[in-house]
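Spelled out from the first residue to the last, the chains are:
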Amino acid sequence: MESVQTLDHPLIQHKLTLLRDRTTGTKEFRMLVEEVSMLMAYEITRLMPLREVEIETPITKTKGYLIAGKKMSLVPILRAGLGMVDGMLSILPAAKVGHIGLYRDPKTLKPVEYYSKMPQDLPEREVIVLDPMLATGGSVCQAIHMLKGWGAEQIKFVCLLAAPEGLERLHKEHPEIMVYTAAIDERLNEKSYIVPGLGDAGDRLFGTK
Ligand code: URA
């Protein structure tokens, strides 16, 4: 799929393997998610547009380059997406952070909004949606649908692991969205967990069960 990029930097793959390991505890898991997110932010900003500027060094006048283009907004999907925010902000410190909270209605199994708050100038920003696990794709498709309704025009999605089922659904519902992931796993199991996956990302990040 052209709209998916697997970020296979050796450091990302090394840390992802530690994340998958069931013996990795909460403290280390949280730190690893932050580190992988930072490395992913570095990779996805590789093609950011630059503008040429004239500056003066202590020695002479010269040309330099500064980041051009839209300002950024990070939008974690609660709650597991929160684990990716600090790592992303270490590379993109000026980004504003919106939040989307969704729960799955037990009857319809559809995602329902319970909280959202966005930067006021969202339509002028490039939006990076964060959720570590792209499983069925229900939450991220709903989040992107909401973001488009609020005027966002440039949206990317960053996750740690993607299931083929989720990628297919996202591509079908929002074909223009570029997805960045550290790995594409085999499949979903009967409980919609990613296989081999890393378990429940939210529980492992926050030490709940
Ligand atoms: N959410 C998770 O946290 N893990 C999965 O495997 C799927 C969805």
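Computed from a prediction, not measured in an experiment: that's the story for all the values here.

### Some details on the UniProt feature "binding site: uracil" (unreviewed entry) in the protein chain
- Those places that UniProt annotates as "binding site: uracil" (unreviewed entry) correspond, in this numbering, to Ile194, Gly199, Asp200 and Ala201.
- If you trace the backbone, isoleucine 194 turns up in strand β15 (residues 194-195).
- For isoleucine 194, the residues in contact, after removing those within four places along its chain, are Met133, Leu134, Ala135, Leu161, Ala162, Ala163, Asp185, Arg187 and Leu188.
- Looking at the secondary structure, you find aspartate 200 in the loop between β15 and α6 (201-206).
- Residue classification places aspartate 200 among the partly exposed positions, given a relative accessible area of 25%.
- Apart from the residues lying within four places of it in its own chain, the contact partners of aspartate 200 are Arg79 and Tyr193.

### Thoughts on the pattern of salt bridges
- This structure, assessed with the given rule, holds nine salt bridges.
- Between glutamate 35 and lysine 15 there is a salt bridge, with its nearest N and O atoms 2.8 Å apart. Here lysine 15 lies in helix α1 (residues 10-20) and glutamate 35 lies in helix α2 (residues 26-44), a separation of 20 residues in the sequence.
- Between glutamate 43 and arginine 46 there is a salt bridge, with its nearest N and O atoms 3.5 Å apart.
- Looking at arginine 46, the relative accessible area reads 56%, which means it is exposed.

What counts and what doesn't
- Residues numbered from 1 in each chain as written.
- Predicted model: local features only at pLDDT ≥ 70, side-chain atom pairs only at ≥ 80, totals over all residues.
- Heavy atoms only, no water.
- UniProt positions renumbered as here; feature names shortened; annotations may be inferred.
- Helix = DSSP H or I, 4+ residues; strand = E, 2+ residues; numbered from the N terminus.
- Contact = heavy atoms within 4.5 Å.
- Buried < 20%, exposed > 50% of the residue type's maximum accessible area, 1.4 Å probe, protein only.
- Salt bridge = Lys/Arg side-chain N within 4 Å of Asp/Glu carboxyl O.

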